[in-house]
Amino acid sequence: GAGVSQSPSNKVTEKGKDVELRCDPISGHTALYWYRQRLGQGLEFLIYFQGNSAPDKSGLPSDRFSAERTGESVSTLTIQRTQQEDSAVYLCASSINRVSEQFFGPGTRLTVL
Amino acid sequence: QQPVQSPQAVILREGEDAVINCSSSKALYSVHWYRQKHGEAPVFLMILLKGGEQKGHEKISASFNEKKQQSSLYLTASQLSYSGTYFCGTERLLKTGTASKLTFGTGTRLQVTL
């Protein structure tokens, strides 16, 4: 009965380094989303996976951002050559299908020095 | 095409009522409401599908007026535990008859005091 988990919970990195964030969705959830939330701001959509369909990457802010998902399980969000503006909490959410309730993970707080 | 929420912030005394609005310039397929407490992940409150339905969740209810492309969240007899940021998320109705991805508004900060 575990919920959505994310790792690491906190990540501090130096500008220019690559980082990889992981999301473990709830078992059986076909839809998986990544969001970015800057301090005091709203939820910024990044990417969406639905089953075996091609992911919706329309929210990725630059080609430094990429994400993968293996089947209906784990997803990783990779940020290459991190910039200070990438500092934010990265939230992952999963749902049974697209129109259902989204269950959010606790997030990964990324700090780029 | 992010939905617009109003007000941006509201302070209530315990027991008072509040209304949070969410509006879009485009035809909507659905409206989702979430609450996020400080330092925590957003938590689902309810989904409203086109059809003008109204839903309730404890003393929190919502309506969806698809003609006005607007949803309102009603918090009655507010409790301290209602404090947090409320986000609406909208799915637009596309010309194909399908729905777009969920896009969240910028949030409404609600603080309930004694």
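Conventions we followed
Residues numbered from 1 in each chain as written. Chains lettered and ligands numbered in written order. Predicted model: local features only at pLDDT ≥ 70, side-chain atom pairs only at ≥ 80, totals over all residues. Heavy atoms only, no water. Phe/Tyr/Trp six-rings, centres within 6.5 Å; stacked < 30°, edge-to-face > 60°. Buried < 20%, exposed > 50% of the residue type's maximum accessible area, 1.4 Å probe, protein only. Helix = DSSP H or I, 4+ residues; strand = E, 2+ residues; numbered from the N terminus. Disulfide = S-S within 2.5 Å. Contact = heavy atoms within 4.5 Å. Buried area = accessible area lost by both parts, 1.4 Å probe. Salt bridge = Lys/Arg side-chain N within 4 Å of Asp/Glu carboxyl O. Polar contact = N/O pair within 3.5 Å; in protein donor to acceptor, adjacent residues only side chain to side chain. Nonpolar A, V, L, I, M, F, W, Y, C, P; charged D, E, K, R; others polar.

Here we come to the packing of aromatic side chains. Per the stated rule, a full pass over the model turns up nine aromatic pairs over all chains. Taking 6.1 Å as the distance between ring centres and 15° as the angle between the ring planes, the aromatic pair formed by Y33(A) and Y35(A) counts as stacked. You'll find Y33(A) and Y35(A) in the same group, each marked buried. When the centroid spacing of 5.6 Å and the interplanar angle of 70° are considered together, the rings of Y34(B) and F44(B) count as edge-to-face. Here the residue Y34(B) occupies a position in strand β4 (residues 28-36), and F44(B) occupies one in strand β5 (residues 43-49), the gap between them amounting to ten residues. Linked through ring pairs, Y33(A), Y35(A), F45(A), Y48(A), F104(A), Y34(B), F44(B) and F104(B) together constitute an aromatic cluster.

Residue and element names in this part refer to chain A. Counted according to the given criterion, the structure contains two disulfides over all chains. The side chain of C23 participates in a disulfide bridge whose partner is C92; the two sulfur atoms lie 1.8 Å from each other. One quick way to see it: the torsion about the S-S bond of C23 and C92 is about -60°, and its sign makes the bridge left-handed. Here C92 lies in strand β8 (residues 88-95) and C23 lies in strand β3 (residues 19-24), a separation of 69 residues in the sequence. By relative accessible area, which is 0% here, C23 ends up buried.

What follows deals with the interface of chain A and chain B. Between chain A and chain B, the residue contacts involve 18 residues of the former and 18 residues of the latter. When chain A packs against chain B, the two sides together hide about 1400 Å² of surface, and 59% of this comes from carbon and sulfur. For the pair chain A and chain B, the interface holds zero salt bridges. Counting every contact that joins chain A to chain B gives three residue pairs in polar contact (both at pLDDT 80 or more). Of the residues assigned to the side of chain A that touches chain B, the class counts are seven nonpolar, eight polar and three charged.

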